[in-house]
Amino acid sequence: MVFIFFLLVNAGFAFAFFSIRKKRLLPIEIFLYWCLSAIFVQNYSAIQTMNFKSSINPNEPGPEFAHLLNRTVLYPVLGMLFLNSYCALKSGRMKLVCILSFAALTTGIEWLSSVLGVFVHVWLKLWWSAAFWLIHNLLLVGIMKMFRRKLYAGGTN
Amino acid sequence: MNFIFDKNEWFVVVASIVLMSYIVMIRKHFRPATLIILWVYNIAFIATIDYAIAATPFHVYDCLDNETYEPMAAYAHAFVYTPYSIIFLYYYDKWGIRGKKLIWYLAAWTCYALCFEWISLKFGFLTYRTWRLYYSIPTYPIAALILICAYRFIEKSLAGHPFRSGE
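Computed from a predicted structure; not experimentally measured.

## Notes on the overall build of chain A
A count of helices and strands for chain A gives five helices and two strands. Written out in order from the N terminus, the α and β elements of chain A read α-α-β-α-α-β-α. Here the C-alpha atoms of chain A give a radius of gyration of 16 Å, agreeing with the 15 Å that 2.2 N^0.38 yields for 157 residues. Per element, the accessible surface of chain A, about 7400 Å² overall, is 73% carbon and sulfur. Of the charged side chains in chain A, 14 are positive and 4 negative; the average position of the first set lies 20 Å away from that of the second.

## As for the layout of surface pockets
As a volume, the largest pocket reaches approximately 900 Å³. Ile46, Tyr81, Thr139, Tyr140 and Ala143 of chain B are the residues nearest the centre of the largest pocket, which is lined by 33 residues in total. Mapped onto the lining of the largest pocket, the elements with two or more residues apiece are helix 2 (32–54), helix 3 (71–94), helix 4 (100–122), strand 2 (126–128) and helix 5 (136–158) of chain B. No other element matches helix 5 of chain B, which puts nine residues into the lining of the largest pocket. Classifying every residue of the lining of the largest pocket by side-chain character gives 25 nonpolar, six polar and two charged. The calculated volume of the second largest pocket comes to roughly 320 Å³. As for the second largest pocket, its lining consists of 15 residues, of which Thr49 and Met50 of chain A together with Ala55, Thr56 and His59 of chain B are closest to the centre. If you list the elements that add at least two residues to the lining of the second largest pocket, you get helix 2 (27–52) and helix 3 (61–88) of chain A together with helix 2 of chain B.

## Thoughts on the UniProt feature "transmembrane region" (unreviewed entry) in chain A
Residue and element names in this part refer to chain A. Listed under "transmembrane region" (unreviewed entry) in the UniProt record, and renumbered for this structure, are residues 73–89, 96–120 and 126–144. Counted over residues 73–89, helix gives 94% and strand 0%. Its end C-alpha atoms are 25 Å apart. Strand forms 4% of residues 96–120 and helix 80%; the C-alpha atoms that close the span are 29 Å apart.

## Here we look at the nonpolar core
Ranked by size, the top nonpolar core spans 84 residues in total, and within it Leu25 and Tyr33 of chain A together with Phe88 and Leu89 of chain B carry the most contacts. The leading source of residues in this core is helix 3 of chain B, at 13 residues. Ignoring anything within four residues of it in the chain, the contact list for leucine 25 of chain A reads Phe17, Ile30, Tyr33, Met80, Leu83, Asn84, Cys87, Met144 and Arg148 of chain A. Counting 16 residues, the second largest nonpolar core, distinct from the first, contains Val41, Ala103, Ile109 and Val118 of chain A.

## Notes on the interface of chain B and chain A
The interface is formed by 28 residues belonging to chain B together with 33 residues belonging to chain A. For the chain B and chain A pair, buried surface summed over both sides reaches about 2700 Å², with 72% attributable to carbon and sulfur atoms. Inspection of the chain B/chain A interface yields zero salt bridges. Inspection of the chain B/chain A interface yields nine residue pairs in polar contact (both at pLDDT 80 or more). Here the element with the most residues in the side of chain B that touches chain A is helix 2 of chain B; it accounts for nine residues. When grouped by side-chain class, the residues that make up the side of chain B that touches chain A number 19 nonpolar, six polar and three charged.

## Details of unusual backbone geometry
Residue proline 57 of chain B follows threonine 56 of chain B across a cis peptide bond; omega there is 0°. Phi angles above zero are rare outside glycine, and lysine 53 of chain A is one such case at about 55°. Along the chain, the position of lysine 53 of chain A falls in the loop between helix 2 and strand 1 (55–56). A residue is classified by how much of its surface remains accessible, and lysine 53 of chain A, at 41% relative accessible area, is partly exposed. At histidine 59 of chain B, a position not held by glycine, the phi torsion is positive, near 50°. Topologically, histidine 59 of chain B is positioned in the loop between helix 2 and strand 1 (61–63).

Cut-off values and rules
- Residues numbered from 1 in each chain as written.
- Chains lettered and ligands numbered in written order.
- Predicted model: local features only at pLDDT ≥ 70, side-chain atom pairs only at ≥ 80, totals over all residues.
- Heavy atoms only, no water.
- Helix = DSSP H or I, 4+ residues; strand = E, 2+ residues; numbered from the N terminus.
- Rg over C-alpha atoms; globule rule 2.2 N^0.38 Å.
- Areas by Shrake-Rupley, 256 points an atom, 1.4 Å probe, with all protein chains shown as cover.
- Lys, Arg positive; Asp, Glu negative; His and termini not counted.
- Charge placed at Lys NZ, Arg CZ, Asp CG, Glu CD.
- 1 Å grid on protein atoms, 1.4 Å probe; cavity = no way out; pocket = protein on both sides within 12 Å on 5 of 7 lines; lining within 4 Å.
- Points joined across faces, edges and corners; volume = space filled by probe spheres on them.
- Nonpolar A, V, L, I, M, F, W, Y, C, P; charged D, E, K, R; others polar.
- UniProt positions renumbered as here; feature names shortened; annotations may be inferred.
- Core = buried A, V, L, I, M, F, W, Y, C linked by side-chain atoms within 4.5 Å.
- Buried < 20%, exposed > 50% of the residue type's maximum accessible area, 1.4 Å probe, protein only.
- Contact = heavy atoms within 4.5 Å.
- Buried area = accessible area lost by both parts, 1.4 Å probe.
- Salt bridge = Lys/Arg side-chain N within 4 Å of Asp/Glu carboxyl O.
- Polar contact = N/O pair within 3.5 Å; in protein donor to acceptor, adjacent residues only side chain to side chain.

Here it is, written out as structure tokens:
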């Protein structure tokens, strides 16, 4: 049941991103940032569940496959939605609001996955998750800026 | 975390030094951007597969000393498995591997990868729970074909952009 729920959530956000007609990201950028986001999320999840034991992923197929789906599709696609929105904004203040809003949204989804028994927080504090998603978003923005500088400036930087 | 530096860690370090030295020699074959994107893609792909198979949801083997996520596993993702993929693509390009030749090329690399996996087992880098060496036979060619598709996509996407080659 929980797997079906997260399957629909994943499909919904993926559809929301891929149905944007005028994307602000090139296909190669989507590929790169998706991979980067998946690396960040999987390392975060692996360290929390396997080393610190601050969270657990219950040993049942539903939550385990839901978590696999979330860490490879849902969180990266939220990262892409965030970068797409970030690129569409002009003012620095709105960009800041965008960074904070998406960090809050992703923290909310992680909290939901904890409540529904997928990535259950044992002693992981919610503000640690919020801090992680904020750093995740800032890293994506920093890497996007570096990559674009290289992409559009002829590789001289 | 129970991190001990013993023979399996030395195995990873020695393998990475050999492979990275090879990458330094062949790196100019690729655009710098291609190399970076391929590197990121490979780490993401390997981390995803490794996490899924070694941890949740499949739990079929352990990587290194125990079931925790050790720093050396992340190091191996970046500096052992990824260089293999780059070397695979280097000869794929250099020898113009297409059509029937691709089947032989994939077969040869699968044999090589199986040998490396067997050596990894001997050094305790991998410890099987329910996985068997022959399960890996179909996985290597599939992973290699996905890698070729990713490489073609990267090259096609970057073709119109003014990266300096050989930088």
